[in-house]
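Results of the structural survey
If you want the building blocks of each chain, they are given just below.
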Amino acid sequence: MTAKCFYRSAARRFIALNAWAYLIFPIVNHSARAQSTVEQEIVVTGEEVPSAYGAPPGFSRSRFSNITQAYVLPPWAFFFGEIYEGQGFRHGPPDHLFTQEIEMGLPYRFGVAAEGKFERFNGGGGAETVSLEARWALADWNKIPLNPTIFAEYKFGVGTIRHEEGPPPPAGEEEEEESGPPKVPDAYEFRLLLAQDFGERFEWAMNWFFEKENTGDRGREWGFSQSAMTPIFLPNERLKVGVEMEYKNFTAKDTRGNPMNSFVIGPTVAWKPTPQTRLDISSLFGCTDDSPVADVFVVFSWLFGGEHAEAEAPVSTRFRYLTKVSRTDGYSGKDSEKEMKQVAPPPCPEWYGDDEWNVNLWGTYAFTNTEYNPNLWLVDVVQSTSEGNPVLGTYDRYIGGDHAWGGGGDIKYFFYRYFGVGIEGFALDASKNGFDIFEDPTIPIFTTEKINHDHTIGAVLGTFTLRYPIPWTRVAPYAWAGAGAIFGGGERDVLTTQGPPDAFAVHAQTHHFGSETKALGQFGAGLEFRIARHIGLTNDLSFGVIDGPKNNFGMFRSGLNFAF
């Protein structure tokens, strides 16, 4: 072999060896670095982004704004809302509505909810409706344009109608109800919820709704509401401003050809003091003769639970948070801070235990099915009684008025985390209108006086409670029932008459009967949320049964539970 051939052969071998080295070294180096990375201790921290099936946080809260709803909650997340609505009418006094709402997200884009509505109008008030709701989103977020969601609700009327939708009839044309004000009718409602975000800056939602009453004047209402919001000033979209509007078309069975048209519009603002809580305020103004002059909303809401919900992270970078990765090897570089879309969940804590004592302190609002002696005219009382008829109007015979405020507490022992027994007591500050009448036409004398029975009603019951702590969450729905005694109510004024059926020629005298003790049965259901292992918030609705429908009552309770 000549020297020239030898050098050519050696050069070819050297080039091949270098080529193999350039191919193999990155692979070996990457494998070594990967193995080194795996062995390093990495600490990941980041802010959780609540999201339902890939939806932005603003559409994952059940209520998009004060008058519009959107999409669904993440699975096993809970939404709690306290809602105030004040309407200023062009006719008569204003109306104040208070609503308590709670909703739970379920898998497969389902959700269920319940709410109770109370009304305060012209000096009277009480419960109006109790509602059950359900909704279902047709697909994950942005799989279908406008993300349609179906909403259905059934409303149970539990109070009396205190004002009509329209202005009152002229004087002399209104027919007096001999049995008192009519009851709020049951009704059903369907909605189509639409929602979309545009350009990662503006959010929009729209609801089309149809509601039909089952009884009474069979009112029918349809219309739409829509809202648009945009974040300003504060980071992480803690402050949003926007505009919202609502149109309603309402008819009763006798006014199908002459509907009432209401349209309100105005600004709205939403502020999140914490990632889970939000305060919404709206001031809407009427634009038609049938609209209220002003419709004001103040809503405080709280989204909790769902720590391990099957929620997807949003695709948009607008909802991602900077997550820092700390390494123990002192390495610092462009990979030391990374944008993370998913954070490993912490170990699941136990929020509820076996062999647990619970001490619960709560405030309560009690409401009755009837009002006590509405429009009580004492001469009519005498005339009606002398004719052999009862006092005009329907009324509760134990608590008295249509509502009462109070407080109470209970002690329970859970011998297993799902079952508990205990004792409960409460007190109500109640009031009842009454009368004092004496008439003797032979003297002649006719004295009438309206009086008021202020009294405290108390009760003591033994209770049995069922609860179900939802795995991986702080939430436990519960149901309970109890039996005991109630005392301090039932005062009565009974009028007796002798003589002709003439209010001014009959002998009449009032007999007063004091309070009496009755047997009480009570049952209800609610929800507990553990702020910490030993402190929880409770909310529930219950019904008390005494000895007839005119004595039964409902109770809303909210309080703090201390677990030991």
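The residue count restarts for each chain, going from 1 along the sequence in the order it is written. Per-residue local features of the predicted model are confined to residues with pLDDT of at least 70, and side-chain atom pairs are confined, for both listing and counting, to 80 or more; whole-chain, interface and lining totals are unaffected and use all residues. With hydrogens and water excluded, all non-hydrogen atoms of the structure serve as input to the side-chain values.

**Brief notes about the side chain of Glu-101**
What counts as a helix is a DSSP run of H or I of at least four residues, what counts as a strand is a run of E of at least two, and both are numbered from the N terminus. For Glu-101, the location among the structural elements is in strand β3 (residues 95-106). Only 3.0 Å separates the side chain of Glu-101 from the side chain of Arg-63, close enough to count as a polar contact. Contacts: residue pairs with any heavy atoms within 4.5 Å of one another. The residues contacting Glu-101, other than those within four sequence positions of it, are Ser-62, Arg-63, Gln-69, Phe-79, Phe-80, Gly-81, Ile-83, Ala-114, Glu-115 and Glu-133. Nitrogen and oxygen atoms within 3.5 Å of one another constitute a polar contact, given that in protein one can donate a hydrogen and the other can accept it, and given that sequence-neighbouring residues count only through two side-chain atoms.

**Thoughts on the pairing of strand β17 (residues 403-416)**
Note: two strands are recorded as paired if DSSP finds a minimum of 2 bridges between them. When strand β16 (residues 356-368) meets β17, the two strands line up antiparallel, connected through twelve bridges. Residue pairing for β17: Phe-367 is matched across the bridge by His-403. Examined bridge by bridge, β17 and strand β18 (residues 419-440) share ten bridges and lie antiparallel to one another. By the bridge assignment for β18, Gly-407 is matched with Ala-427. From the end of β17 to the start of β18, which pair antiparallel, there are two residues.

**Points about the packing of aromatic side chains**
Any two rings among Phe, Tyr and Trp, with Trp reduced to its six-membered ring, count as a pair given centres within 6.5 Å; such a pair is stacked if its planes are under 30 degrees apart, edge-to-face if over 60, and tilted if neither. Applying the stated criterion to the full structure yields 26 aromatic pairs. On the basis of an interplanar angle of 85° and a centroid distance of 5.0 Å, the ring pair of Phe-118 and Tyr-365 is categorised as edge-to-face. Linking Phe-118 in strand β4 (residues 110-121) with Tyr-365 in strand β16, this pair joins segments that are 247 residues apart in sequence. Summarising the burial analysis for this pair, Phe-118 and Tyr-365 share the class buried. Seen from their ring centres, Trp-222 and Tyr-247 are 5.8 Å apart, and the 65° between their planes marks the pair as edge-to-face. One end of the pair, Trp-222, is in strand β9 (residues 220-231); the other, Tyr-247, is in strand β10 (residues 239-251), with 25 residues separating them in the sequence. Through a chain of ring-to-ring contacts, three or more aromatic side chains come together here, namely Phe-118, Tyr-365, Phe-367, Trp-405 and Phe-556. A ring is scored as having a charge over it whenever the NZ atom of a lysine or the CZ atom of an arginine sits within 6 Å of its centre and within 35 degrees of its normal. Over the ring of Phe-151 we find Arg-191; its NZ or CZ atom is 4.5 Å from the centre of that ring. The side chain of Arg-557 reaches across the aromatic face of Trp-362, ending 4.3 Å from its centre. The buried label goes to any residue with under 20% of its type's maximum accessible area, the exposed label to any with over 50%, and the partly exposed label to all in between, with areas taken from a 1.4 Å probe on protein chains only.

**Examining the pairing of strand β23 (residues 516-532)**
Where strand β20 (residues 475-489) lies against β23, 13 bridges are found, and the strand directions are antiparallel. Residue pairing across strands places Ala-485 opposite Ala-519, the latter belonging to β23. As defined by bridge partners, β23 adjoins strand β24 (residues 535-545) across eleven bridges and the pair is classed as antiparallel. Pairing of Glu-528 across the sheet is with Thr-538, part of β24.

**Section: the pattern of salt bridges**
What makes a salt bridge here is a side-chain nitrogen of Lys or Arg within 4 Å of a carboxyl oxygen of Asp or Glu, nothing more. Tallied over the entire structure, the rule returns 19 salt bridges. The salt bridge involving Glu-103 is made with Arg-135; its shortest N-O contact spans 3.2 Å. Residue Glu-103 is located in strand β3, and its partner Arg-135 is located in strand β5 (residues 124-137); the two are separated by 32 residues in the primary sequence. With relative accessibility at 2%, the residue Glu-103 sits in the buried group. A salt bridge links Arg-109 to Asp-140; the shortest N-O distance between them is 3.5 Å. Here Asp-140 lies in the loop between β5 and β6 (149-157) and Arg-109 lies in the loop between β3 and β4, a separation of 31 residues in the sequence.

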